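A closer look at the structure
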Amino acid sequence: MMRIPKIIIRENLDQTYSDIYTAEALQAIAVLSPFNKQVKKIMESRIQRRHSRNSNGLRIQFLDQEGTIEGTDISVRDARSGNFEGKPVPQDLQRQWIQGTGPSAKPNAPLQNSIRNVAYALLSGADGWMFDGEDALGQTNNMSLDNQRNLKLAISRSPVFFEVAETVSKEINNWAEGFFGHPIIHNWEEQLDFTTVIFRARGLHLDDRHIKDEEGVAMAASIVDLSLYVVNNYEVLLKRGSSIVLYLPKIQTSGEAALWDKMISALEHHLQLENGTIRVYVLIEQLEATFQLMEIRAALGKHFVGFNTGRWDYINSVSDAMAWDPDFVNPNIESITMTYGYMRNYEDRVRRAVNTPDKSGNFALWQGGMEPNIPVGSAEGVSASMKKALQGGEREQNEGASGKWVAHWKMVHIIRPVWEKTGNQNQLGRKFPALTYTGLDAQGLLELENAPRSIDGARNLISVALQYGNAFGQGMQAAALKPADYFGNDNVLYLMEDMATGEIRVSILWEWIHKNAVISEDDPHSGAKNGETFTIGLFERLLEEEYQKLLLANNKDVHDDSKTTTLPISKEIVKTYVLSKSKLPWFIDLLNINLNNMDLKEAKARIQKYTEAFINDKTRITENLDF
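Since we're looking at a predicted model, the values are computed, not measured.

**What to know about the overall build of the chain**
Broken down by element type, the chain carries 25 helices and 13 strands. The C-alpha radius of gyration computed for the chain amounts to 23 Å, which stays within 12% of the reference 25 Å derived for 627 residues, consistent with globular compactness. Across the chain, every contact between residues at least 6 apart in sequence was considered, and the portion connecting residues at least 24 apart equals 78%. In the form shown here, the chain has an accessible surface area of approximately 23500 Å², with 48% of it arising from carbon and sulfur atoms. Mean positive and mean negative side-chain charge positions of the chain (67 and 81 charges, respectively) differ by 1 Å.

Here it is as structure tokens:
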């Protein structure tokens, strides 16, 4: 009989969350725990590749077509030609015009309040909802477990969820009556079954805060999330005829995809499920992954169902991959849309990859990017923003996307008609040119275009980075934000942001300082002139000015109790990241090690510990320092 390793659970959480840490779920985590070493090893390989690029001035390249995908016996040539096993898209994923995104839990909220997130999602009218365990889910206290608990209660249709859902359905219709002039829910109990439940597990780069393996090493969060979600919900989902669907984030290589495939297959085997029962979308939010799209599809085999094209995370990954190149400098973040240079070419490769058939003729789905707007503000502001949002949806539909993401339930019925009016469930198999792997293709994935680089752009980067770091510390990894200069201006809407918004903003600020970025227009307030360099001194001045605006903001925009706790810590983290001569790999690392810490002195000590470990040893501190 195979020995099942032991696992270590923090404090008495196995008792407090016995409904989530069931015997079956804990056994599954234990069975998968040997993968923890493989996850750590493959993350070390990531850092080594990154270090090699920065030390030797190397650009990411396509794989050798004569090689083999790491961790598999599939040749790169076979992967690119579609000569690998896949499966058809399941029925409940055939039409995914709109997928909503967001967590199923709120910070420091009682169950009846926290679980409202799930009710709004499942009553929104979205074709699918990606319940987030990663970028949009706060990790303070036990939120990852509250997230799992709320999902389990909702999927099983518990009485507490039913009671909340009935109330929420009335609230949704009240809003719809005012916005559309008619209700959008006619039978709330039937509506609950309309939306396909999808779960985004945390990426391979993150550790769980509550579980260690038998050697006392922090367990990969991906192992924990995969086990808890699937084990706690697979029987109910399958009995209902629903698919078990995951989103896999931050994958950089086909070797990482192969490791995910092994973990998923091992869990299926443990639960006596047929291989390919669990289906996965992959978020293409890393530049290196765009060089290996077909290889990633092949590595995930029968589990794979589609790709999603992100924006913020992807821009951040491009910035990070080119940190070594003094000539690669991004413009204002607002200029880097999905039609900008390298973004346009990245999206094009994704749509070609999903429409390349596997050996059985199966195509895959392309789910378009995020619509972050929230229709709350002045009539003028909402009208302008909704027009822009619809144009974005129409562009993606025209380009071949089978659907789109929205960050707020109120956006579902605004954007969904873009796909609804076409009458097509999806765009599987739409004809596009075959993928090629030339030097020009590689150059296109790093194509810069002329665009503004301004002081206003820098202020926006700084303000939102500070606000996001503050929200993160408060347990709100999904937060409605806008630059401080627009507080009180209802013509400028808040955008629903998650961890990616923080990552890209500090990355671009790092670029501008360490690559001597040139400002492209005069700024009367700061005195900066067109053609001048963005200096450390200018950054520090703007940082202090934007910080003071947040301290003076009202409680609606910046919680008063954060101004002496998490906001100063956020400022310290932003400043450390941006001024570090050696670019740090993840903004989230510095935020994570300060979760539940409200003391600035302690935060500085933890930040110093992390930066010294990474700069001296290329080691990331990812474990819970309080466990």
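After that view, the rundown keeps rolling.
**Examining the pairing of strand β11 (residues 403–406)**
Side chains of β11 alternate between two faces, with Gly 403 and Trp 405 and Lys 404 and Val 406 buried alike. Crossover strand β10 (residues 365–371) to β11 through helix α16 (residues 379–399) is right-handed.

**Regarding the pattern of salt bridges**
According to the stated counting rule, one finds 47 salt bridges in the structure shown. Between Glu 295 and Arg 80 there is a salt bridge whose closest N-O contact spans 3.1 Å. Remark: Arg 80 occurs in helix α4 (residues 76–81) and Glu 295 occurs in helix α13 (residues 293–300); sequence separation between them is 215 residues. When its relative accessible area of 0% is taken as the criterion, Glu 295 is described as buried.

**Side note on helix α15 (residues 341–354)**
The terminal C-alpha atoms of α15 lie 21 Å apart, and with 14 residues this matches the ideal 20 Å at 1.5 Å per residue to within 8%. Within α15, twelve of the 14 residues are buried, which leaves it mostly tucked inside the rest of the structure. Where α15 is concerned, the buried positions are Gly 341, Tyr 342, Met 343, Tyr 346, Glu 347, Asp 348, Arg 349, Val 350, Arg 351, Arg 352, Ala 353 and Val 354.

**Structural notes on the packing of helix α3 (residues 35–56) against helix α11 (residues 254–270)**
Closest axis-to-axis distance for the α3/α11 pair is 11 Å, and the angle between their directions is 170 degrees. Here α11 runs roughly antiparallel to α3, going by the angle between their axes. Each of Phe 35, Gln 38, Val 39, Ile 42, Met 43, Arg 46 and Arg 49 in α3 lies in contact with α11, whose residues at this interface are Gly 255, Glu 256, Leu 259, Lys 262, Met 263 and Ala 266. Per-class residue counts for the contact of α3 with α11 are seven nonpolar, two polar and four charged.

**Section: the nonpolar core**
In terms of nonpolar packing, the biggest core is built from 190 residues, with Tyr 229, Phe 307 and Phe 534 touching the most fellow members. In this structure, Tyr 229 is in contact with Gln 148, Leu 151, Ile 155, Val 197, Phe 199, Leu 237, Ile 244, Val 245 and Leu 246, ignoring residues within four places of it in sequence. Ranked by size, the runner-up nonpolar core spans eleven residues in total, among them Met 130, Ile 198, Val 305 and Leu 365.

**Describing the side chain of Lys 583**
You can see Lys 583 is positioned in the loop between α23 (566–579) and α24 (587–592). The buried category is assigned to Lys 583, whose relative accessible area is 4%. A distance of 2.9 Å separates the side chain of Lys 583 from the side chain of Asp 320, its partner in a polar contact. Excluding residues that lie within four positions of it along the chain, Lys 583 makes contacts with Arg 50, Ser 319, Asp 320, Ala 323, Ser 507, Trp 510, Tyr 577 and Phe 614.

**Comments concerning the sheet that holds strand β5 (residues 207–213)**
Spatially, the three strands line up as an open sheet ordered β1-β5-β6, and their pairing is antiparallel. Strands with a single pairing partner mark the edges of an open sheet, and in this sheet they are β1 (7–9) and β6 (218–220). Averaged over all pairs of adjacent strands, the angle between their axes in this sheet comes to 55 degrees, without regard to strand direction. The pairing of β5 with β6 spans two bridges and is classified as antiparallel. Within β6, the position partnered with Asp 207 by the bridge is Ala 220. Contacting β1, β5 and β6, helix α2 (residues 23–32) runs over the sheet at an angle of about 130 degrees to β1.

**A word on the packing of aromatic side chains**
One pass over the structure, following the stated rule, counts 19 aromatic pairs. Summarising the aromatic geometry, the rings of Phe 199 and Tyr 229 are spaced 4.8 Å apart at their centres and angled 20 degrees between planes, so their arrangement reads as stacked. Of the two residues, Phe 199 sits in strand β4 (residues 196–200) while Tyr 229 sits in helix α10 (residues 221–240), which places them 30 residues apart along the sequence. Assessed through its relative accessible area of 1%, Phe 199 is described here as buried. For Tyr 229, a relative accessible area of 0% gives the class buried. Aromatic pair Tyr 340 and Tyr 342: ring centres 5.5 Å apart, planes at 85 degrees, arrangement edge-to-face. Judged by its relative accessible area of 3%, Tyr 340 falls in the buried class. Grouping aromatic residues by their ring pairs yields a cluster made of Tyr 120, Trp 175, Phe 179, Phe 180 and Trp 409. Over the ring of Trp 97 we find Arg 95; its NZ or CZ atom is 5.4 Å from the centre of that ring. Arg 349 extends its terminal NZ or CZ atom over the ring of Tyr 437, reaching a point 5.1 Å from the ring centre.

**Observations regarding the pairing of β4**
Among the five residues that make up β4, five are buried, leaving the element largely enclosed by the rest of the structure. Side chains Thr 196, Ile 198 and Arg 200 of β4 all project onto a buried face; the interleaved residues Val 197 and Phe 199 project onto the opposite face, where all are buried too. One ladder, built from five bridges, connects strand β3 (residues 128–132) with β4; its direction is parallel. Counted as the bridge partner of Met 130 is Ile 198 from β4. Sheet topology note: the β4/strand β7 (residues 244–248) ladder contains three bridges and is parallel. Residue pairing in the sheet places Ile 198 in a bridge with Val 245 of β7.

**Comments concerning the sheet that holds β4**
Reading around the barrel, the eight strands line up as β2-β3-β4-β7-β8-β9-β10-β11 and close back on themselves, with parallel pairing between neighbours. Across the sheet, the mean angle separating the axes of adjacent strands is 25 degrees when strand polarity is ignored. In this structure, strand β9 (residues 304–309) lies alongside β10, joined through three bridges in parallel fashion. Residue pairing across strands places Gly 306 opposite Leu 365, the latter belonging to β10. Packed onto the sheet, helix α7 (residues 143–155) meets β3 and β4 and runs at close to 165 degrees relative to β4. Across the face of the sheet, α15 comes into contact with β8 (278–284), β9 and β10 while running at roughly 165 degrees to β9.

**Topic: helix α25 (residues 600–617)**
Across its 18 residues, α25 extends 25 Å between first and last C-alpha, which sits within 8% of the 26 Å expected from 1.5 Å per residue. Within α25 the residues assigned to the buried category are Ala 603, Arg 606, Ile 607, Tyr 610, Thr 611, Ala 613 and Phe 614. Looking down the long axis of α25, one finds its buried residues gathered within 160 degrees of arc, a one-sided arrangement. Set apart from the buried face of α25 by more than 90 degrees, the exposed residues are Lys 601, Asn 616 and Asp 617. On the buried face of α25, the contacting elements are α3, α23 and α24.

**So, the environment of Arg 240**
The topology assignment puts Arg 240 in helix α10. Separated by 356 residues in sequence, Arg 240 and Asn 596 place their C-alpha atoms 39 Å apart. In this view, Arg 240 contacts Ile 155, Ser 156, Arg 157 and Asp 193; residues no more than four positions away in its chain are not counted.

Thresholds applied
- Residues numbered from 1 in each chain as written.
- Predicted model: local features only at pLDDT ≥ 70, side-chain atom pairs only at ≥ 80, totals over all residues.
- Heavy atoms only, no water.
- Helix = DSSP H or I, 4+ residues; strand = E, 2+ residues; numbered from the N terminus.
- Rg over C-alpha atoms; globule rule 2.2 N^0.38 Å.
- Contact = heavy atoms within 4.5 Å.
- Areas by Shrake-Rupley, 256 points an atom, 1.4 Å probe, with all protein chains shown as cover.
- Lys, Arg positive; Asp, Glu negative; His and termini not counted.
- Charge placed at Lys NZ, Arg CZ, Asp CG, Glu CD.
- Buried < 20%, exposed > 50% of the residue type's maximum accessible area, 1.4 Å probe, protein only.
- Right-handed = clockwise from strand over helix to strand, strands pointing away.
- Salt bridge = Lys/Arg side-chain N within 4 Å of Asp/Glu carboxyl O.
- Expected span 1.5 Å × (residues − 1).
- Axes fitted to C-alpha atoms, helices over the stretch in contact; angles between N-to-C directions.
- Parallel < 35°, antiparallel > 145°, perpendicular 65-115°, else oblique.
- Nonpolar A, V, L, I, M, F, W, Y, C, P; charged D, E, K, R; others polar.
- Core = buried A, V, L, I, M, F, W, Y, C linked by side-chain atoms within 4.5 Å.
- Polar contact = N/O pair within 3.5 Å; in protein donor to acceptor, adjacent residues only side chain to side chain.
- Pairing = 2+ DSSP bridges.
- Phe/Tyr/Trp six-rings, centres within 6.5 Å; stacked < 30°, edge-to-face > 60°.
- Lys NZ or Arg CZ within 6 Å of the ring centre and 35° of its normal.
- Arc of directions from axis to C-beta.

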